[in-house]
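Report on the structure
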Amino acid sequence: MKPHIFIISLLICGSAVACTTTGTGKKLPVPVVDIDSAEQKAEDSILSHIQDTFTIAMAGDIMMGTTYPKPALPADEGRMLFRDVRHILHRADIAVGNLEGTLCDSAENKKEKSVYNYSFRTPLSFAPRLKEAGFDFLSMANNHAFDFGIEGVRSTERALRDIGIKYAGLRGRTDAAIIERNGIRYGMCAFGHNSYTLKHKELWTVKGILDSLRANADVVIVSFHGGAEGKQYSHLPYGKEEYLEEDRGSLRDFAHFCVDNGADIVYGHGPHVVRCVEVYKGKFIAYSLGNFCTPYGISITGISGYAPVIEAKVNRRGDFIEGKIHSFIQRRGLGPRKDTANAVVQQIKRLTQSDIKDSKITISADGTIRLKRN
């Protein structure tokens, strides 16, 4: 089990925190550290002198089931969804992913009815599964966070707070969060391409949030939702991507910008397929982690069902040391299950070899990621 968590939230425009304008050069408010006891603080201080490396576990899109337009839910309120992966998420110092949809029971759908109208409403009774799985932080900066309007957003935020999972990414709500564990502060933020998200195209906003996190955290983790969607978009292009007549961002440039401005780890999602990985200036980037736990409502056939968990080990400066791609494939109604053929590893390896020029890493058949020797 993970040790006790100390949590700091950077709540922007929240009810109890004065609002500041992101992107004006002003830093976010200095966070307040919630420390339970002097004894625990002393223990963490001792541990911080012992631990020199830290492991971050990353996963992609999570939508555990939906009641809209009619129920499509796994059995037993999803208690077996994360059966095969939870040991990896729990042993990490921090585990992160993307919450693709809402956690609510009765909010009304707010999207226009069209062929592209995918709306996800996961019952509140499923929320504890996310904590049981081992997640510490989930991005809300995606194109499904507002499927059920502001009522759905508020319900989702309450549900995550109640189970002790931090979140970020919606404009005017929560810009970033910091979790302090064993004396190390992990700062996390999230960006998307929709009008209600903190946009990854607005680099002045991105830089302002990263500046604040860099000043208040030891390891900075960035999540982004972007890119075209579908099996034909596995490769990472140069320049911006367009999908459904929408600018989905220049994700290679964005990830590099984040590292240039203080990010230690950048992980992406949105295309619903896995993409390549990279070490850039010593920092780890995963360009898309695909569909992780989407047992209903999202296609998981073929490569759309590839559901990796990637562990990245970093040092105190956030520099990548080594990593591991854990290979899982989704089963309809069941969630991610062990991929004994390591097909997911091979797919990410092929894409990395194809899409990253002068790659600084090697990926072995078992998914181990190592830096190339000079």
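Computed from a prediction, not measured in an experiment: that's the story for all the values here.

Conventions we followed
- Residues numbered from 1 in each chain as written.
- Predicted model: local features only at pLDDT ≥ 70, side-chain atom pairs only at ≥ 80, totals over all residues.
- Heavy atoms only, no water.
- Helix = DSSP H or I, 4+ residues; strand = E, 2+ residues; numbered from the N terminus.
- Buried < 20%, exposed > 50% of the residue type's maximum accessible area, 1.4 Å probe, protein only.
- Contact = heavy atoms within 4.5 Å.
- Areas by Shrake-Rupley, 256 points an atom, 1.4 Å probe, with all protein chains shown as cover.
- Axes fitted to C-alpha atoms, helices over the stretch in contact; angles between N-to-C directions.
- Left-handed = near helix turned anticlockwise from the far one by under 90°.
- Expected span 1.5 Å × (residues − 1).
- Pairing = 2+ DSSP bridges.
- pLDDT = per-residue confidence, 0-100.
- Core = buried A, V, L, I, M, F, W, Y, C linked by side-chain atoms within 4.5 Å.
- Salt bridge = Lys/Arg side-chain N within 4 Å of Asp/Glu carboxyl O.

**Concerning the overall build of the protein**
Along the backbone of the protein there are seven helices and 22 strands. Scored against the burial criterion, the 374 residues of the protein give a buried share of 60%. The contacts in the protein between residues at least 6 apart in sequence include a share of 70% that link residues at least 24 apart. With the model as given, the accessible surface of the protein reaches about 15,200 Å², and the carbon-plus-sulfur share is 51%.

**Observations regarding the packing of helix α5 (residues 203-216) against helix α6 (residues 251-260)**
The geometry of α5 relative to α6 is characterised by a closest axis approach of 10 Å and an angle of 30° between their N-to-C directions. Crossing of α5 against α6: the hand is right-handed. Residue-level contacts link L203, V206, K207 and L210 of α5 to F254, F257 and C258 of α6.

**A short note on helix α4 (residues 149-163)**
Compared with an ideal rise of 1.5 Å per residue, which puts 15 residues at 21 Å, α4 spans 22 Å between its outermost C-alpha atoms and is within 8% of the ideal. Every buried residue of α4 is listed here: G149, G152, V153, S155, T156, E157, A159, L160 and I163. On the buried face of α4, the contacting elements are β3 (94-99), β4 (102-103), α3 (128-133), β6 (137-139) and β7 (166-168). Trailing α4 by a residue or two, G164 shows a phi angle of about 80°, which is positive.

**As for the pairing of strand β14 (residues 277-280)**
In summary, the side chains of a regular strand alternate between the two faces of the sheet. Side-chain alternation along β14 places V277 and V279 on one buried face and E278 and Y280 on a second face that is also buried. As paired strands, β14 and strand β15 (residues 283-286) are joined by four bridges and run antiparallel to one another. Residue pairing for β15: Y280 is matched across the bridge by K283.

**Details of the confidence of the model for the protein**
Confidence along the protein averages 88 in pLDDT terms, with 85% of residues attaining 70 or more. Residue range residues 3-40 is modelled with pLDDT below 50. Its contacts to residues more than four positions away, or to other chains, number 76 contacts.

**Remarks on the nonpolar core**
Counting residues in hydrophobic clusters, the biggest one holds 63 residues, and the most contacted among them are I56, M58, V222, V266, F284 and I310. It is strand β9 (residues 184-191) that contributes the most residues to this core, six residues altogether. Residues L81, F82, I88 and L99 belong to the second largest nonpolar core, which totals 34 residues.

**Some points on the pattern of salt bridges**
The full count for this structure, using the stated rule, is 22 salt bridges. A salt bridge links D319 to K283, with the nearest nitrogen and oxygen atoms 2.9 Å apart. Taken together, the residues span a long stretch of sequence, with D319 in the loop between β17 (309-315) and β18 (320-326) and K283 in strand β15 at a distance of 36 residues. By relative accessible area, which is 11% here, K283 ends up buried. Several salt bridges converge on common partners, so that one network encompasses R214, D264, K283, R317 and D319.

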